[in-house]
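Tertiary structure, described
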Amino acid sequence: MRDNLDLAASAQELADAAPTGSIDRAAASSVAITLATTRDIEQARQTLGGLSPEEVRAAALELFDRLSTSS
């Protein structure tokens, strides 16, 4: 299983590739920052659940789930 920092790097790559100002970029950036600053997967998911606006939260949680289960 990949650790938070590995997952953060993957999320940052996706953020860098997404168009500036897009929901995808905001979501991937949020996931990257959250994963880089939390201790474990559970804490990261809980933190992402508090994001707003709703569109960014939903996209971030979807991306997080995809990254965390693909390891």
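Up top is the structure.
Residues numbered from 1 in each chain as written. Predicted model: local features only at pLDDT ≥ 70, side-chain atom pairs only at ≥ 80, totals over all residues. Heavy atoms only, no water.

1. Structural notes on the side chain of S10
Among the structural elements, S10 can be located in helix α1 (residues 4-17). Residues within four places of S10 in sequence aside, it is in contact with R2 and L67. (Helix = DSSP H or I, 4+ residues; strand = E, 2+ residues; numbered from the N terminus. Contact = heavy atoms within 4.5 Å.)

2. Here we look at the side chain of N4
Following the sequence through the fold, N4 ends up in helix α1. A polar contact is formed between the side chain of N4 and the backbone oxygen of D40, at a distance of 3.4 Å. (Polar contact = N/O pair within 3.5 Å; in protein donor to acceptor, adjacent residues only side chain to side chain.)

3. Some details on the pattern of salt bridges
If you walk through the whole model with that rule in mind, you get two salt bridges. Where D65 meets R45, a salt bridge forms, and the shortest distance between an N and an O atom there is 3.1 Å. Pair noted here: D65 is in helix α4 (residues 54-69) and R45 is in helix α3 (residues 41-48), with a separation of 20 residues, a long-range link. For R45, a relative accessible area of 35% gives the class partly exposed. Here E54 and R57 are joined by a salt bridge, their closest N and O atoms 2.4 Å apart. Taken as a pair, E54 and R57 lie in helix α4 at a separation of three residues, close to a single helical turn. The partly exposed category is assigned to E54, whose relative accessible area is 43%. (Salt bridge = Lys/Arg side-chain N within 4 Å of Asp/Glu carboxyl O. Buried < 20%, exposed > 50% of the residue type's maximum accessible area, 1.4 Å probe, protein only.)

By themselves these figures say nothing about function.
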